[in-house]
Amino acid sequence: MSNDIRTGLSGINAVRLSGRGGGSRAGAALSSLAAQIAGHVADTLNLTAQDDQDDNRRGRNFITAHDLYEIEALSGSLSRELSADGAEAARLTAALHQFAEQSASLLGARPAAYSVEHLVHAIDNAVEDNGGPEDFNRVLAIIEKASLAVENAQ
């Protein structure tokens, strides 16, 4: 297996596009978030080949956005799907931010394909280990378990 992050990025973008996550809302949300984070880290570190004419994202490395990974929108969408109340929505947002922080730390410290693969496995394992109806508690447990797995990989 190549240890080039570009290989992993291709894989994680394919994961996101194919709707991987075991049919789980949490798995799909985490896969999408991980893909955004991996893409941003690779762009920031200039690890992916970019062509000014083909990639209009060039230059965003230096943009400091309030919600760079669109976690608020992702959390809002999940909260609506789960009919979460205000307190639950806040817990969901905090858990997604924690996952994003752990993922960005891992990829920033070790920008390699195996780090991207670790994210994919952490998400898949969290989804598989939390069977049952996909209610708020299950989705929160999946996100927290995936975040812990990524943190422990560092």
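A quick note: this is a predicted structure, and the numbers were derived from the prediction, not measured. Residue positions are given per chain, counted from 1 along the sequence in the order it is written. Totals for whole chains, interfaces and linings use all residues, but because this is a predicted model, local features are given only for residues with pLDDT of at least 70 and pairs of side-chain atoms are given and counted only at 80 or more. The side-chain figures draw on all heavy atoms in the structure; neither hydrogens nor water molecules are used.

**Comments concerning helix H2 (residues 25–44)**
Short version of the rule: Working definition: helices are DSSP H or I runs of at least four residues, strands are E runs of at least two. Numbering for both runs from the N terminus. Helix span is expected to be 1.5 Å times the residue number reduced by one. Buried means the residue's accessible area, taken with a 1.4 Å probe over protein chains only, is under 20% of the maximum for its type, while exposed means over 50%, and partly exposed covers the values in between. Pairs of N or O atoms are called polar contacts if they sit within 3.5 Å, as long as, within protein, a hydrogen donor faces a hydrogen acceptor (for residues adjacent in sequence, only side-chain-to-side-chain pairs).
If you check H2, its first and last C-alpha atoms are 28 Å apart, about what 20 residues at 1.5 Å a residue would give, namely 28 Å. For H2, the tally of buried residues reaches 15 of 20 residues, placing the bulk of the element in the interior. Where H2 begins, the capping side chain belongs to Ser-24, and its oxygen is found 3.2 Å from the backbone nitrogen of Ala-26. Backbone geometry just downstream of H2 places Asn-46 in the positive-phi region, at approximately 55 degrees.

**Comments concerning the confidence of the model for the protein chain**
Spelled out, the test is: Across the chain, each position has a pLDDT score giving the predictor's confidence in that residue, from 0 to 100. Residue contacts follow a heavy-atom distance rule, with two residues in contact if any of their heavy atoms lie within 4.5 Å.
Taken residue by residue, the protein chain gives an average pLDDT of 79. The fraction at 70 or more is 73%. Predicted confidence for residues 14–19 stays below pLDDT 50, and this span has seven contacts to residues more than four positions away or in other chains. This stretch, residues 51–63, has a pLDDT under 50; its non-local contacts, to residues over four places away or in other chains, come to 11 contacts.

**Side note on the environment of Ala-153**
Looking at where Ala-153 falls in the secondary structure, it is placed in helix H6 (residues 136–153). Spatially, the C-alpha atoms of Ala-153 and Leu-106 are 7.6 Å apart, while their sequence positions differ by 47 residues. The contacts of Ala-153, once residues within four sequence positions are left out, are Leu-106, Arg-110 and His-118.

**Brief notes about unusual backbone geometry**
The residue Glu-70 is not glycine, and still its phi comes out positive at about 55 degrees. For Glu-70, the location among the structural elements is in the loop between H2 and helix H3 (71–81). If you check the backbone angles, Ser-83 has positive phi at about 55 degrees while not being a glycine. Mapped onto the secondary structure, Ser-83 falls in the loop between H3 and helix H4 (86–109). Assessed through its relative accessible area of 65%, Ser-83 is described here as exposed.

**Overview of the pattern of salt bridges**
Applicable threshold: Think of a salt bridge as a Lys or Arg side-chain nitrogen and an Asp or Glu carboxyl oxygen that are within 4 Å of each other.
Throughout the structure, instances matching the rule amount to four salt bridges. One salt bridge in this structure joins Glu-81 and Arg-25, with 3.3 Å as the shortest N-O distance. Of this pair, Glu-81 sits in helix H3 while Arg-25 sits in helix H2, and the two are 56 residues apart along the sequence. Taking relative accessible area as the criterion, Arg-25 reaches 32% and is therefore assigned partly exposed. Salt bridges here are not isolated pairs; linked through shared partners, they connect Arg-25, Glu-81, Glu-134 and Arg-138.

**Description of the nonpolar core**
Keep this limit in mind: Throughout this description, the term nonpolar core refers to a set of buried Ala, Val, Leu, Ile, Met, Phe, Trp, Tyr and Cys residues connected via side-chain atoms within 4.5 Å.
If you look at the biggest cluster of nonpolar residues, it comprises 33 residues, and the most contacted ones within it are Leu-30, Leu-33, Ile-37, Leu-96, Phe-99, Leu-107 and Ile-143. Sorting the residues of this core by element identifies H2, H3, H4, helix H5 (113–129) and H6 as the ones contributing at least two each. It is H2 that contributes the most residues to this core, eight residues altogether. With sequence-adjacent residues up to four places away left out, Leu-33 is seen in contact with Tyr-69, Ile-71, Leu-74, Leu-96, Phe-99 and Ala-100.

**Considering H3**
In plain terms, the rule: Picture the helix axis, draw a direction to every C-beta atom, and the arc is the one those directions span.
Residues Ile-71, Ser-75, Gly-76, Leu-78 and Ser-79 constitute the buried set of H3. Take H3 and look down its axis: the buried residues cluster within an arc of 170 degrees, on one side only. Along H3, the residues that are exposed and aim more than 90 degrees away from the buried face are Ala-73 and Arg-80. For H3, the elements touching its buried residues are H2 and H4. Looking one or two places after H3, you find Ser-83, whose phi comes out positive at around 55 degrees.

**Quick word on the side chain of Gln-102**
Its place among the elements puts Gln-102 in helix H4. Classification of Gln-102 as buried rests on a relative accessible area of 8%.

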